[in-house]
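# Coordinates in review
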Amino acid sequence: GGSGGMKTEEIRGLSAEELNDRIAELEDELFRLRIQNQSGQLENPLRIRGARRDLARCKTIRNEAARQGA
C-alpha cells in the first residue's frame, strides 16, 4: 500500500517469482489506469507515471538477475 512507489532495494529483495507477480500486478494496474484516463475518470494521472516507473524498474532488475543467473 501507500503511494510512495517501491524502492530499488525493496525490489532487489524479492525472489524471481515475487518479481514476476509484481510485474504482472503493475501491468494490470497500468492497463486499468490507461482505460480510466482515456474515459476521463482518472483523478490522478501521476499514478500512471509512477506505475510505469515501478514497472520499468522491476523489469530492469529482473533482467539483471537473469543475466547473473540468480
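Summary of the structure given here. Computed from a prediction, not measured in an experiment: that's the story for all the values here. (Residues numbered from 1 in each chain as written. Predicted model: local features only at pLDDT ≥ 70, side-chain atom pairs only at ≥ 80, totals over all residues. Heavy atoms only, no water.)

Time to look at the overall build of the chain. Looking only at helices and strands, one finds 3 helices and 0 strands in the chain. In terms of principal-axis extent, the alpha carbons of the chain reach across some 45 × 20 × 15 Å. In the chain, buried positions account for 20% of the 70 residues. Once local pairs closer than 6 in sequence are excluded, the contacts in the chain between residues at least 24 apart make up 62%. Carbon and sulfur atoms provide 45% of the accessible area of the chain, an area that totals close to 5200 Å². Positive and negative side-chain charges of the chain, numbering 13 and 12 respectively, have mean locations separated by a distance of 7 Å. (Helix = DSSP H or I, 4+ residues; strand = E, 2+ residues; numbered from the N terminus. Buried < 20%, exposed > 50% of the residue type's maximum accessible area, 1.4 Å probe, protein only. Contact = heavy atoms within 4.5 Å. Areas by Shrake-Rupley, 256 points an atom, 1.4 Å probe, with all protein chains shown as cover. Lys, Arg positive; Asp, Glu negative; His and termini not counted. Charge placed at Lys NZ, Arg CZ, Asp CG, Glu CD.)

Here we come to the nonpolar core. Of all hydrophobic cores here, the largest spans 13 residues; its most connected members are Ile11, Leu19 and Cys58. Going through the elements one at a time, α2 (16-38) and α3 (46-68) are the ones with two or more residues in this core. Residues within four places of isoleucine 11 in sequence aside, it is in contact with Met6, Leu19, Arg57, Cys58 and Ile61. (Core = buried A, V, L, I, M, F, W, Y, C linked by side-chain atoms within 4.5 Å.)

We now examine the packing of α2 against α3. Across the interface, α2 lies against α3 with an axial gap of 9 Å and an inter-helix angle of 155 degrees. One finds that α2 runs roughly antiparallel with respect to α3. Crossing hand, α2 versus α3: left-handed. Contacts from Leu19, Asn20, Arg22, Ile23, Leu26, Glu27, Glu29, Leu30, Leu33, Arg34 and Asn37 in α2 reach Arg47, Ile48, Ala51, Arg52, Asp54, Leu55, Cys58, Lys59, Ile61 and Arg62 in α3. (Axes fitted to C-alpha atoms, helices over the stretch in contact; angles between N-to-C directions. Parallel < 35°, antiparallel > 145°, perpendicular 65-115°, else oblique. Left-handed = near helix turned anticlockwise from the far one by under 90°.)

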